[in-house]
Amino acid sequence: MIMKSKLIVLLVAGTLMMGCTTKKDYVLFNGTNITTPKAKEQIIEINIPSYEYKISAHDRVSITMYNHPEFGTSNAASQQIDTRGVLVTSNGYISLPLVKKVYVAGLTQTAAKNKIEKAFRDFNIEDAEVYVEVLNKRAYITGEVNIPGEVPLFNERLSLLQLLAKAGGMKDTANKHAIVILQKRGKKIYTKTVDLTGTDSLHAANLMIHPNDTVYVTPNDMKPINVGVNEVFGLITPLTNAAVTANVLSK
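It should be emphasised that the depicted structure is a prediction, and the values quoted were computed from it without experimental measurement.

**With respect to the sheet that holds strand S10 (residues 188-194)**
Then comes step 1: Reading across from one edge, S7-S6-S12-S9-S10 is the order of the five strands in this open sheet, with mixed pairing throughout. Each edge of the sheet is formed by a strand with only one pairing partner; in this case those strands are strand S7 (149-152) and S10. Pairs of neighbouring strands in the sheet enclose a mean axial angle of 20 degrees, with direction left out of account.

Structure, rendered in structure tokens:
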């Protein structure tokens, strides 16, 4: 038991020497003055650019025809939620009764609505009133968060801080100085790395995350140390338990 205690003390001491962390590594917005006990109320002006999602191949789209529900994928009168919709083909088309194919890839939901209404008017359906909604709008979050995975974007977007909250918050091993955002726009991916502890962290926290964006929370310097300590404990524990058992049996 004494041997085991000494080993634990040595490991803890080594960990403290190798991985010293400070408040700025853990506290969000530490570089601002809002996290102090005497912080005054303030107004932060944030510029949020307008955004409307554009339909892509392989999206699932719900089509509601208010006056002619038989031509849509959902029935507004039944109040049932359409969870399947219609698949946008790899060529960018959707198939609907009567009008057959309509090209919607690259269009916003509003533009797709107008195009589908025109397609039905060409078949003498003059009172066509269409509502279009993409069903699979979601963002993704991975890395040092408690609940990694996909996050549905029912309101088409979330702030970075809201997305992190949806993921159960960041782990102690998260590097809050380097949150990587991968933004998919058409055939291009744009990268952005933000610091959630610095002087500009309030603006960074309110960056908008849009459908198909991926957020990667990088690990801090403590992550490999913690993994190493766990591995060492995994090796030491069976050995020390065996030593203790042998010592008891020898008495």
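**A word on the pairing of strand S6 (residues 138-143)**
Then comes step 1: Pairing between S6 and S7: four bridges, direction antiparallel. Considered in S7, the bridge of Arg-138 is made with Pro-152.
Then comes step 2: What sits between the antiparallel neighbours S6 and S7 is a turn of five residues.
Then comes step 3: As paired elements, S6 and strand S12 (residues 214-219) share four bridges and run parallel to each other. What sits directly across from Tyr-140, in S12, is Thr-214.

**Some remarks on unusual backbone geometry**
Outside of glycine, negative phi angles account for most residues, and trans bonds account for most peptide bonds.
Then comes step 1: One non-glycine residue with positive phi stands out, namely Lys-100, at about 65 degrees.
Then comes step 2: Along the polypeptide, Lys-100 turns up in strand S4 (residues 100-103).
Then comes step 3: According to the relative accessible area criterion, Lys-100 is exposed, its value standing at 59%.
Then comes step 4: A positive phi is found at Glu-156, a non-glycine position, where the angle reads about 75 degrees.
Then comes step 5: Position of Glu-156 relative to the elements: it lies in the loop between S7 and strand S8 (158-159).
Then comes step 6: Of the residues examined, Glu-156 reaches a relative accessible area of 12% and is grouped as buried.

**Let's talk about the pattern of salt bridges**
Then comes step 1: Summed over all chains, the structure comprises five salt bridges.
Then comes step 2: Here Asp-122 ties to Lys-118 by a salt bridge, and the two come within 3.5 Å at their closest N and O atoms.
Then comes step 3: Asp-122 gets classed as exposed once you look at its relative accessible area, which sits at 53%.
Then comes step 4: Looking at Lys-118, the relative accessible area reads 46%, which means it is partly exposed.

**Quick notes on the sheet that holds strand S5 (residues 130-134)**
Pairing between the strands of a sheet comes from backbone hydrogen bonds, and it takes one of two forms, parallel or antiparallel.
Then comes step 1: Taken in spatial order, the three strands line up as S2-S1-S5 in an open sheet, and their pairing is antiparallel. The open sheet is flanked by strand S2 (86-87) and S5, the only strands paired with a single partner.
Then comes step 2: Summarising the sheet, strand S1 (residues 60-65) and S5 pair through five bridges and their orientation is antiparallel. Following the sheet pairing, Ser-62 is matched in S5 by Glu-133.
Then comes step 3: Contacts from helix H2 (residues 109-121) reach S1 and S5, with the element oriented near 140 degrees to S5.

**Here's the deal with the packing of aromatic side chains**
Then comes step 1: Under the defined criterion, the tally for this structure stands at two aromatic pairs.
Then comes step 2: On the numbers, 5.1 Å between centres and 75 degrees between planes, the contact of Tyr-93 with Tyr-103 is edge-to-face. In this pair, Tyr-93 sits in strand S3 (residues 93-96) while Tyr-103 sits in strand S4, placing the two residues ten residues apart along the sequence.
Then comes step 3: The residue whose ring lies beneath Lys-101 is Tyr-93, and the NZ or CZ to ring-centre distance is 4.6 Å.

**Structural notes on the side chain of Asp-213**
Then comes step 1: Examined against the element boundaries, Asp-213 turns out to sit in the loop between strand S11 (208-209) and S12.
Then comes step 2: A polar side-chain atom of Asp-213 sits 2.8 Å from a polar atom in the side chain of Arg-185.
Then comes step 3: For Asp-213, the contacting residues outside a window of four places in its chain are Ala-139, Tyr-140, Leu-182, Gln-183, Lys-184, Arg-185 and Met-208.

**So, the nonpolar core**
Then comes step 1: Core analysis: the largest hydrophobic core is formed by 23 residues, its most contacted members being Leu-160 and Val-215.
Then comes step 2: Elements with a minimum of two residues in this core: S6, helix H3 (160-166), strand S9 (174-185), helix H4 (201-205) and S12.
Then comes step 3: By size, the runner-up hydrophobic cluster in this structure holds 22 residues, among which are Val-86, Ile-94, Val-99 and Ala-119.

**So, H2**
Then comes step 1: For H2, built from 13 residues, the straight-helix expectation of 18 Å at 1.5 Å per residue is met to within 8% by its first-to-last C-alpha distance of 18 Å.
Then comes step 2: Structurally, H2 contributes buried residues whose contacts are with S1, S3, S4 and S5.

Calculation notes
Every chain's residues receive numbers from 1 upward, in the order its sequence appears when written. Only residues with pLDDT of 70 or above have their local features reported here, since the model is predicted, and side-chain atom pairs are shown and tallied only from 80 upward, although totals for entire chains, interfaces and linings are computed over all residues. As a rule here, side-chain values come from all non-hydrogen atoms in the structure, and water together with hydrogens is ignored. Note on pairing: two strands pair once DSSP finds at least 2 bridges between them. Per the convention used, a helix needs a DSSP run of H or I reaching at least four residues, while a strand needs a run of E reaching at least two, with both numbered from the N terminus. Between N-to-C directions, angles cover 0 to 180 degrees, with each direction set by a line fitted to C-alpha atoms, over the stretch in contact for helices. Accessible area is worked out with a 1.4 Å probe on protein chains only. A residue is then buried under 20% of its type maximum, exposed over 50%, and partly exposed in between. Whenever Lys or Arg places a side-chain nitrogen within 4 Å of a carboxyl oxygen from Asp or Glu, that contact is recorded as a salt bridge. Residue contacts are counted whenever heavy atoms from the two residues lie within 4.5 Å of one another. Centre distance within 6.5 Å is the pairing criterion for rings of Phe, Tyr and Trp, where only the six-membered ring of Trp is used; planes under 30 degrees apart are then read as stacked, over 60 as edge-to-face, and the remainder as tilted. Lysine and arginine charges are scored as sitting over a ring when NZ or CZ, respectively, is within 6 Å of the ring centre and within 35 degrees of the ring normal. Think of a polar contact as two N or O atoms within 3.5 Å of one another; within protein, one of them needs to be a possible hydrogen donor and the other a possible acceptor, and neighboring residues in sequence only count if both atoms come from side chains. For this analysis, a nonpolar core means a set of buried residues of the types Ala, Val, Leu, Ile, Met, Phe, Trp, Tyr and Cys, connected via side-chain atoms within 4.5 Å. To estimate how far a helix should reach, multiply one less than its number of residues by 1.5 Å.

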